[in-house]
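Below are the chains, spelled out letter by letter.
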Amino acid sequence: MSPVAGVRRANFKAKVRAGREGIGTPAPSKGSASRFLLALLGLLGVLTFLGLGIWQLERRAWKLDLIARVDQRIHAAVVDAPGPATWADINAAGYEYRHVRLTGRFIGGANTLVQAVTELGGGYWVLTPMREDRGFTVLVNRGFIPQERKAAFQQESGGPSSPRTIDGLLRISEPGGGFLRSNDPAADRWYSRDIAAIAKERRLTDFAPYFIDAGTSGADSWPRGGLTVVTFRNSHLVYALTWFALAAMLAVALARPILATCRRGSAAR
C-alpha cells in the first residue's frame, strides 16, 4: 500500500471515530434556544399590549357614543312610555334613558325592594307596579330608601292608589342579579331589577319589558327619586396610551440586543 493511500485510510478512520464520539460536531446552543424563546414571548407580549390598546380605543368610541346618546335623550321632550306595539323592538341602544311619561294607578301590596348603593349610602330601590291607563303594567322605580326604612315599605299595602302621572327615564331590564349574587325570588332577595322575574313573582300580567326610574322627588320624602346615574366615567384613552407605552417599551427591549448583534457583525467585517 502506498504512503498516500495509508494516510487517506488513517484520515478516514479518524473521521469515523470522531463521528462516533461526537468530536468536531457542534452541539446545539442552549443559550441560542433560550434567546429565541424569550424573543418569541416578547413579540407575543408586544402584540397583546397593542391589542389591548386598540380594544380600549374601541371602548372609548362606544363610551363617547353612549354619553352623547344619554345626554340627548334625558334633555329631550317627554314622550309617552312605549306601549305593547313597540315592545318587541325595545333595546338599550334605541330606548334606554328616554324621557318618558305614564299615567295610571300604583298597585298596592306589590313592592319589590332591590339592594342598591347610591350617593345617599346603602339601601334599596322601591319598585312598584303601575297599571297604565292604556291597559298594561309598568314597573316604576319610585326611588331610593335607606336600610332603616326597609320594613315600612315591605309592609306597604292597600288597594290601587289614586291616579298618578310619572315622568322619568326608561331603563332596560337587568336579568340575573348583581356581581357574584343571584336574585332569589323565593326569599324575596333582589340584587338587580329583573323585570321578568319580578313580574312572575308578583303575578303581574301585560307587563312592559322595561322599567321607569322616577324623576326627582322632594328632598324630605321617601322614596327619593331622581338618583339615576347619568354620568359615565371615561378613562379609556388613558388606558389605551398605557398599553401602547408598554408595547413600545417591550419592543425597544427586544430590539436592543438584535441591533447590538448587527453592529458587532459589521465591526467584524
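Keep in mind it's a predicted model, so treat the numbers as computed, not measured.

Basis of the calculations
- Residues numbered from 1 in each chain as written.
- Predicted model: local features only at pLDDT ≥ 70, side-chain atom pairs only at ≥ 80, totals over all residues.
- Heavy atoms only, no water.
- Core = buried A, V, L, I, M, F, W, Y, C linked by side-chain atoms within 4.5 Å.
- Buried < 20%, exposed > 50% of the residue type's maximum accessible area, 1.4 Å probe, protein only.
- Helix = DSSP H or I, 4+ residues; strand = E, 2+ residues; numbered from the N terminus.
- Salt bridge = Lys/Arg side-chain N within 4 Å of Asp/Glu carboxyl O.
- 1 Å grid on protein atoms, 1.4 Å probe; cavity = no way out; pocket = protein on both sides within 12 Å on 5 of 7 lines; lining within 4 Å.
- Points joined across faces, edges and corners; volume = space filled by probe spheres on them.

Draft legend 1. Representation of the nonpolar core in the model. With 18 residues, the main nonpolar core has Leu 102, Val 138, Val 140, Ile 166, Leu 170, Tyr 210 and Ile 212 as its most contacted residues. Put simply, the parts of the chain that give this core at least two residues each are strand 2 (99-106), strand 5 (137-146), strand 6 (164-172) and strand 9 (207-214). When residues of this core are assigned to their parent elements, the largest contribution, 4 residues, is made by strand 9. Ala 116, Leu 139, Ile 198 and Phe 211 belong to the second-largest nonpolar core, a separate cluster that totals 13 residues.

Draft legend 2. Molecular detail of unusual backbone geometry. A positive phi angle, close to 75 degrees, is found at Tyr 97, a residue other than glycine. Here Tyr 97 lies in the loop between helix 3 (92-95) and strand 2. Among the residues examined, Tyr 97 registers a relative accessible area of 7% and is labelled buried. Look at Asp 206: it is not a glycine, yet its phi comes out positive at around 50 degrees.

Draft legend 3. Representation of the pattern of salt bridges within the structure. By the definition in use, this model includes 9 salt bridges. A salt bridge links Arg 134 to Glu 132, with the shortest nitrogen-to-oxygen separation between them at 3.2 Å. Arg 134 gets classed as partly exposed once you look at its relative accessible area, which sits at 43%. Overall, Glu 132 belongs to the buried group, its relative accessible area being 7%. The partner of Asp 213 in a salt bridge is Arg 171, with the nearest N and O atoms 2.8 Å apart. Taken together, the positions of Asp 213 in strand 9 and Arg 171 in strand 6 put the pair 42 residues apart, joining distant regions of the chain. Its relative accessible area of 4% is what places Asp 213 among the buried residues. Each of Glu 96, Arg 171, Glu 174, Arg 193 and Asp 213 takes part in salt bridges that share partners, so that together they form one network.

Draft legend 4. Geometry of empty space enclosed by the protein. Across all of its chains, the model carries 1 cavity of 30 Å³ or more by this definition. By volume, the largest cavity is sized at about 40 Å³. Around the largest cavity, the lining residues are Trp 125, Asn 141, Arg 142, Gly 143, Asp 213, Ala 214, Gly 225, Gly 226, Leu 227 and Thr 228. Counting residues per element, the ones that place at least two in the lining of the largest cavity are strand 5 and strand 9. When residues in the lining of the largest cavity are grouped by element, the largest group, 3 residues, is from strand 5.

Bear in mind that shape data such as this cannot, by itself, settle questions of function.
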